[in-house]
Amino acid sequence: MSPTAVETSGLVKTFGDNRAVDGVDLTVPAGTVYGLLGPNGAGKTTVVRMLATLLRPDGGRATVFGHDVVREADAVRSRVSLTGQYASVDEDLTGTENLVLLARLLGHSKPSARERATQLLAAFGLTDAADRQVKKYSGGMRRRIDIAASILNTPDLLFLDEPTTGLDPRSRSQVWEIVRAVVATGTTVLLTTQYLDEADQLAHRIAVIDHGRMIAEGTPGELKSSIGAGTVHVRLRDAEQRPAASLVLAEELGTTVQLEADPVALTARADASGSDRGAAEQASRALARLADAGIIVDDFALGQPSLDEVFLALTEEAAA
Amino acid sequence: MSSTAQEATAFTPSAETLGTVLARGDRPRRPSAWAASLTFGWRATLKIKHVPEQLFDVTAFPIIMTLMFTYLFGGALAGSTREYLQFFLPGIMVTSVVMITMYTGVGLNTDIEKGVFDRFRTLPVWRPAALVGMIFGDVLRYLLAATTIMVVGLILGFRPEGGVPGVLGGVALLIVFSFAFSWVWTMFGLLLRSEKSVMGVSMLVLFPLTFLSNVFVEPSTMPGWLQAFVAVNPITHLVTAIRSIMSGAPHMPALMWTLLASAALVAVFGTLTMRLYNRK
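None of these values were measured; they are calculated from a predicted model.

*Asks:* Describe in detail the overall build of chain A, supporting the description with residues and values.
*Replies:* Looking only at helices and strands, chain A has 11 helices and 14 strands in total. Along the longest, intermediate and shortest principal axes, the C-alpha atoms of chain A span 75 × 45 × 40 Å. Counting the 320 residues in chain A, one finds 48% classified as buried. By sequence separation, contacts in chain A at least 24 residues apart represent 66% of the contacts at least 6 residues apart.

*Asks:* I'd love a proper account of the overall build of chain B, names of residues and values included.
*Replies:* Counting its secondary structure elements, chain B contains 13 helices and zero strands. Mapped from its N terminus to its C terminus, chain B presents α and β elements in the order α-α-α-α-α-α-α-α-α-α-α-α-α. Taken over the C-alpha atoms alone, chain B extends approximately 80 × 40 × 35 Å along its principal axes. Residues classed as buried in chain B amount to 41% of the 280 residues present. Taking contacts inside chain B between residues at least 6 apart in sequence as the whole, the part at least 24 apart equals 79%.

*Asks:* Which residues make up helix H5 (residues 139-150) of chain A, and what are the values?
*Replies:* All names here are of chain A. Spanning 12 residues, H5 covers 17 Å between terminal C-alpha atoms, matching the ideal 16 Å at 1.5 Å per step. H5 sits mainly inside the fold: 11 of its 12 residues count as buried. Within H5 the residues assigned to the buried category are Gly-140, Met-141, Arg-142, Arg-143, Arg-144, Ile-145, Asp-146, Ile-147, Ala-148, Ala-149 and Ser-150.

*Asks:* Please set out the UniProt feature "transmembrane region" (unreviewed entry) in chain B residue by residue, giving values where relevant.
*Replies:* Residues and elements named next belong to chain B. UniProt annotation of "transmembrane region" (unreviewed entry) refers to residues 55-78, 84-108, 129-155, 167-191, 198-217 and 254-277 when read in the numbering used here. Taken end to end, residues 55-78 comprises 96% helix and 0% strand; its first and last C-alpha atoms sit 33 Å apart. As a span, residues 198-217 carries 70% helix and 0% strand, and end to end its C-alpha atoms are 29 Å apart.

*Asks:* Which residues make up the sheet that holds strand S13 (residues 265-270) of chain A, and what values go with them?
*Replies:* All names here are of chain A. The sheet built from four strands is open, its strands ordered S12-S13-S11-S14 with antiparallel pairing. Each of the sheet's edge strands pairs with one partner strand only, and the pair in question is strand S12 (257-259) and strand S14 (297-303). Pairs of neighbouring strands in the sheet enclose a mean axial angle of 20 degrees, with direction left out of account. In terms of strand pairing, strand S11 (residues 230-236) meets S13 through six bridges, oriented antiparallel.

*Asks:* Which residues make up the environment of Lys-135 of chain A, and what values go with them?
*Replies:* All names here are of chain A. Relative to the elements of secondary structure, Lys-135 occurs in the loop between helix H4 (110-123) and H5. For Lys-135, a count of 13 C-beta atoms within 10 Å translates into the label partly exposed. Along the backbone, Lys-135 and Asp-92 are 43 residues apart, and their C-alpha atoms lie at a distance of 6.4 Å. Lys-135 has contacts with Glu-91 and Asp-92, leaving out every residue within four places of it along the chain.

*Asks:* Quick rundown of the environment of Leu-152 of chain A? Include the residues and the values.
*Replies:* Residue and element names in this part refer to chain A. In this fold, Leu-152 is placed in the loop between H5 and strand S7 (157-161). On the basis of neighbour counts, which here come to 20 C-beta atoms within 10 Å, the residue Leu-152 falls in the buried class. Beyond its immediate stretch of four places on either side in the chain, Leu-152 contacts Leu-99, Leu-102, Ala-103, Leu-106 and Arg-116.

*Asks:* Tell me what's going on with the nonpolar core, and back it up with residues and numbers.
*Replies:* Counting residues in hydrophobic clusters, the biggest one holds 142 residues, and the most contacted among them are Leu-51 and Leu-99 of chain A together with Val-94 of chain B. For this core, the leading source of residues is helix H9 (residues 163-191) of chain B, giving 14 residues. Contacts of Leu-51 of chain A, omitting those with residues within four sequence positions, involve Val-6, Ala-62, Val-64, Val-69 and Phe-159 of chain A. Counting residues in hydrophobic clusters, the runner-up holds 14 residues, among them Val-232, Ala-245, Ala-283 and Ala-286 of chain A.

*Asks:* I'd like a rundown of the pairing of strand S2 (residues 18-29) of chain A, residues and numbers included.
*Replies:* Residue and element names in this part refer to chain A. Across nine bridges, the pairing between strand S1 (residues 4-15) and S2 is antiparallel. Residue Val-6 lies in a different strand from S2, and its bridge partner there is Val-28. Adjacent in sequence and paired antiparallel, S1 and S2 are bridged by two residues, among which Gly-16 carries a positive phi angle near 65 degrees.

*Asks:* Quick one: what's the story with the sheet that holds S2 of chain A, residue by residue and with numbers?
*Replies:* Residue and element names in this part refer to chain A. Pairing is antiparallel in the open sheet, where four strands are placed in the order S2-S1-S4-S5. Bordering the open sheet on either side are S2 and strand S5 (67-68), each of which pairs with just one other strand. Sheet topology note: the S1/strand S4 (residues 59-64) ladder contains five bridges and is antiparallel. For Thr-8, the partnering residue across the bridge sits in S4 and is Ala-62. Strands S1, S2 and S4 of the sheet are contacted by helix H1 (residues 44-51), whose axis makes an angle of about 120 degrees with S1.

Definitions and cut-offs
- Residues numbered from 1 in each chain as written.
- Chains lettered and ligands numbered in written order.
- Predicted model: local features only at pLDDT ≥ 70, side-chain atom pairs only at ≥ 80, totals over all residues.
- Helix = DSSP H or I, 4+ residues; strand = E, 2+ residues; numbered from the N terminus.
- Buried ≥ 20, exposed ≤ 12 C-beta atoms within 10 Å, placed from the backbone.
- Contact = placed C-beta atoms within 7 Å.
- Expected span 1.5 Å × (residues − 1).
- UniProt positions renumbered as here; feature names shortened; annotations may be inferred.
- Pairing = 2+ DSSP bridges.
- Axes fitted to C-alpha atoms, helices over the stretch in contact; angles between N-to-C directions.
- Core = buried A, V, L, I, M, F, W, Y, C linked by C-beta atoms within 7 Å.

What follows is the structure in structure tokens.
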């Protein structure tokens, strides 16, 4: 049995009339990456802030490595580390100063704090920016110094609140690499994200949060198969062939086909849940059928369902 | 800008180097309350180093206050500015420094909104350390302001009978009181929603407190009800104590009252501040 890093039951937080978190039950196994997926305002950040001892829950309870986040807040703080949504470093200070400051606060001696700062700056590719104020860093560099600050004393549990929001694709994949390296050393990571592909890339398990409630939970594979694996986008050469193409796709994929505003474009969900074939296989067969029917396809893409589609699917499911 | 972009692109995280820095070593022991507070104080001095303009209010403002009131009231109240200065300088030093304490609240109000406080509050250190350290940094500013006024005073002709020990003793008492008084503003800094409202409340408290005292004139000419207020105003006791120390003959009751008031301020407002800080 693997130990549990985080356990919550019936966790509630209200701000006035707004129930920001409305009864969340989470179990995060130690040593894994756990993703909280949801749109802005879903309550993800509030959950993380309660677990990081920054907010007191109004109901339910939460433990981190068996310590209650309210009664044993100090024990929790010595095991966790938080990288907030906005830079959780001092923007007026330089990279080195920030890391030395935090290392000193964690009990390092002056020489040891300096050494640790130099080491981390090098590992995060920030040596050249060491003596520059953080406010002059680019978005990606800021994220990196922030994460470096979080792992000064390799924590047992690392909270990453929307670690890649607003980053360019390159910086984003750098953050992903860092997260993988952190987990490889045995640290548990709890990350919040608005991006399904990010959760899919990193997380072992995902909880989908909406309006303060958990509407689905499982491995990325389980979630995807429960909502259909992807969306097939097709562009035809000839708009007149669209009705015929629509029929073929509907038949092959077994779902309704959406006709886009663009007269040559069609979109259909590849629903893998009711089939023994994967979405990619379904899509490639549909493509072959289109060719057989003499329909010329100019462009084709199989995309992951967007967060909108996930929510649509999950909320439809909940309503049904 | 372009160099920034290049650096960001040039970086490729290497699992190996990251693994090395992430290796779990022995964790150092957590720092003592005093060490943690001093480290936060160091942060405050770094901020002064990076933004030295912020020292304007502890240098220019006190100089203007001293010059303005000395020449405004000196002739009328004491016959000459030099004569007035012997009475007035300790008082204007108190007024200026006590007024500067409000920036502690303003600073905290803007600072706490930034993400860095989230990190501080998740660190396993003595809880008040972040705020105590911040006030340590402000104490440096108070010292600078007090020194500025003393230098201006000496140039204008202030000649304290207590000599160097008297001046140092007086400044030390002022610093102790200002440290304690700062906790009033940390409370407001956490309680109020914006920087502007903190300023507003500060002015509302500070103007009556500093003007309705024995800073500018002897209270004997004031109406009875005002004398009653002046007599209980802690600023009056502080000014009396500092005047007496600087003149070489410490007034013990005033000194004791000032120290007691300082202890009470920390006990009451320090506690309220920490309650708000923990709940924020």
